[in-house]
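# Tertiary structure, described
Single-letter residue listing:
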Amino acid sequence: TLFGYHASAPALVPNMAAPLQGIYLTSQTVVSAGGKETIKRLRERGGNMVVFDVQNSGGRLAYPSMLPLSLELDNRNTQIPDLPKIVEQLHDEGMYAVARLVLFKNGFLAGKKPAWGLKRKGGGGLFMSHDGPIWLDPGNPELKEYIIDIARELALAGVDEVQFDYMRFPEAGNRNLIPHSYTGDATYSRDQTITNFVADAAAQLHYLGVNVGADIFGIVVWDDVSWRVIGQNIGELGKYLDAIYPMPYPSHF
């Protein structure tokens, strides 16, 4: 046990080798009566996978994290009051349980920890998007350690996979103001910074027997420029990820 959680993975839970068909639920929905009814209907129709939020791009973790830094920053909530219990219920329904964790777009943490914010190139303050200074620096070592600790906490709550979202640099705003890395060392490109994070996180999660997935901008599959801007190099990330979820939008075409 760690952080008071017990990992569990009953034999009836499908693994990644099996065809997975599922749905996405918000943190509020997955614990609601309606959400549980939806999961039962999904199972009856042959579904076997549920992706649910443990943190979206708006702010705090959706469950009462017991990490010391979570307590210090009040980065915890009760939308999912008992995370291991919810995971156990998903397993009882035969579901492959995937926890969706937003990484580097987080206005809550950017406000709590300005030192973690993405800085403008040349030391000109925080990088500003149209929503303000809401982007975190993927190369910040303290932030990286904290995110990996959160992922481990999710693993020890029993989830089968941690799905990283917003695992990238900003796609909008003045991209020329975004530094290549936390240290400003030009030898680390944006995609190397993201890949290094994934490699370290995957090593920790795989040690705990948990798979690692990532949401990827759909356009980076065919656009040689976009992946360099946001840092999602599928060829390199694929060496460490167990699942890649491309996200194409109508505006891409």
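This is a predicted model, so every value here is computed, not measured. For every chain, the first residue of the written sequence is number 1, and numbering continues from 1 along that sequence. Thresholds applied to this predicted model are a pLDDT of at least 70 for local features of residues and 80 or more for the giving and counting of side-chain atom pairs; totals over whole chains, interfaces and linings are not thresholded and use all residues. Only hydrogens and water are removed before side-chain values are computed, so all heavy atoms of the structure are retained for them.

### Focus on the environment of Glu 142
What counts, and what does not: Strands here mean DSSP runs of E at least two residues long; helices mean DSSP runs of H or I at least four residues long; both are numbered from the N terminus. Here, two residues are considered to be in contact whenever any of their heavy atoms come within 4.5 Å of each other.
In this structure, Glu 142 sits in helix H6 (residues 141-156). Counting along the chain gives 27 residues from Glu 142 to Ala 115, while the straight-line C-alpha distance between them is 9.6 Å. Once residues within four sequence positions are removed from consideration, Glu 142 is found in contact with Lys 113 and Trp 116.

### Describing the packing of H6 against helix H7 (residues 190-207)
Basically, it comes down to this: Every angle, taken between N-to-C directions, lies between 0 and 180 degrees, and every axis is a line fitted to C-alpha atoms, over only the stretch in contact when it is a helix. When the near helix sits turned anticlockwise from the far one by under a right angle, the crossing is termed left-handed; a clockwise turn instead gives a right-handed crossing. Polar here means any residue outside two lists: the nonpolar Ala, Val, Leu, Ile, Met, Phe, Trp, Tyr, Cys and Pro, and the charged Asp, Glu, Lys and Arg; Gly therefore counts as polar.
The geometry of H6 relative to H7 is characterised by a closest axis approach of 10 Å and an angle of 30 degrees between their N-to-C directions. By crossing handedness, the relation of H6 to H7 is classed as right-handed. Contact residues: H6 offers Lys 144, Ile 147, Ile 148, Ala 151, Arg 152 and Ala 155, while H7 offers Asn 196, Phe 197, Asp 200, Ala 201, Gln 204 and Leu 205. Considered class by class, the residues forming the contact of H6 with H7 number seven nonpolar, two polar and three charged.

### Side note on unusual backbone geometry
Let me state the cut-off plainly: Only protein chains enter the accessibility calculation, which uses a 1.4 Å probe; a residue whose area is less than 20% of its type maximum is buried, one above 50% is exposed, and one in between is partly exposed.
Phi is positive for Asp 74, close to 55 degrees, though the residue is something other than glycine. Along the chain, Asp 74 falls in the loop between helix H3 (68-73) and helix H4 (83-92). Asp 74 gets classed as partly exposed once you look at its relative accessible area, which sits at 37%. In this structure, Tyr 166 takes a positive phi of about 50 degrees despite not being glycine.

### Here's the deal with the pattern of salt bridges
Once the charged atoms of two side chains with opposite charge are near each other, the side chains can pair. Basically, it comes down to this: By salt bridge we mean one thing: a side-chain nitrogen of Lys or Arg within 4 Å of a carboxyl oxygen of Asp or Glu.
A full pass over the atoms with the stated rule returns eight salt bridges. Of the charged contacts in the structure, one is a salt bridge between Arg 60 and Asp 74, with a shortest N-O distance of 2.9 Å. Taken together, the residues span a long stretch of sequence, with Arg 60 in the loop between strand S2 (49-55) and H3 and Asp 74 in the loop between H3 and H4 at a distance of 14 residues. Since its relative accessible area comes to 30%, Arg 60 is described here as partly exposed. Arg 100 is the partner of Asp 165 in a salt bridge, and the nearest nitrogen-oxygen pair spans 2.7 Å. Taken together, the positions of Asp 165 in strand S4 (residues 161-165) and Arg 100 in strand S3 (residues 96-102) put the pair 65 residues apart, joining distant regions of the chain. Judged by its relative accessible area of 5%, Asp 165 falls in the buried class. Among the charged side chains, a salt-bridge network with shared partners connects Asp 53, Arg 100 and Asp 165.

### Considering the environment of Ala 62
Topologically, Ala 62 is positioned in the loop between S2 and H3. On the basis of relative accessibility, which here comes to 2%, the residue Ala 62 falls in the buried class. As a C-alpha pair, Ala 62 and Arg 76 span 14 residues in sequence and 6.1 Å in three-dimensional space. Contact partners of Ala 62, with chain neighbours within four places excluded, come to Ser 27, Asp 53, Val 54, Asn 77, Thr 78, Gln 79 and Ile 80.

### Examining the confidence of the model for the chain
Formally: Predictor confidence is given residue by residue as pLDDT, running from a minimum of 0 to a maximum of 100.
The predicted model of the chain has a mean per-residue pLDDT of 86, with 85% of residues at 70 or higher. A low-confidence stretch, residues 1-11 (pLDDT under 50), is modelled with 26 contacts involving residues beyond four sequence positions or located in other chains.

### Overview of the side chain of Gln 232
Structurally, the position occupied by Gln 232 is in the loop between helix H8 (226-230) and helix H9 (234-237). Apart from the residues lying within four places of it in its own chain, the contact partners of Gln 232 are Met 167, Arg 168, Asp 215, Ile 216, Phe 217, Val 220, Trp 227 and Leu 237.

### Notes on the pairing of S4
Short version of the rule: For two strands to count as paired, DSSP must find a minimum of two bridges between them.
Across the five residues that make up S4, a large majority, five, are buried. Every second residue of S4 is oriented toward a common face, with Glu 161, Gln 163 and Asp 165 on one face and Val 162 and Phe 164 on the other, all of them buried. Pairing between S3 and S4: five bridges, direction parallel. Across the sheet, residue Val 102 finds its bridge partner in S4, namely Asp 165.

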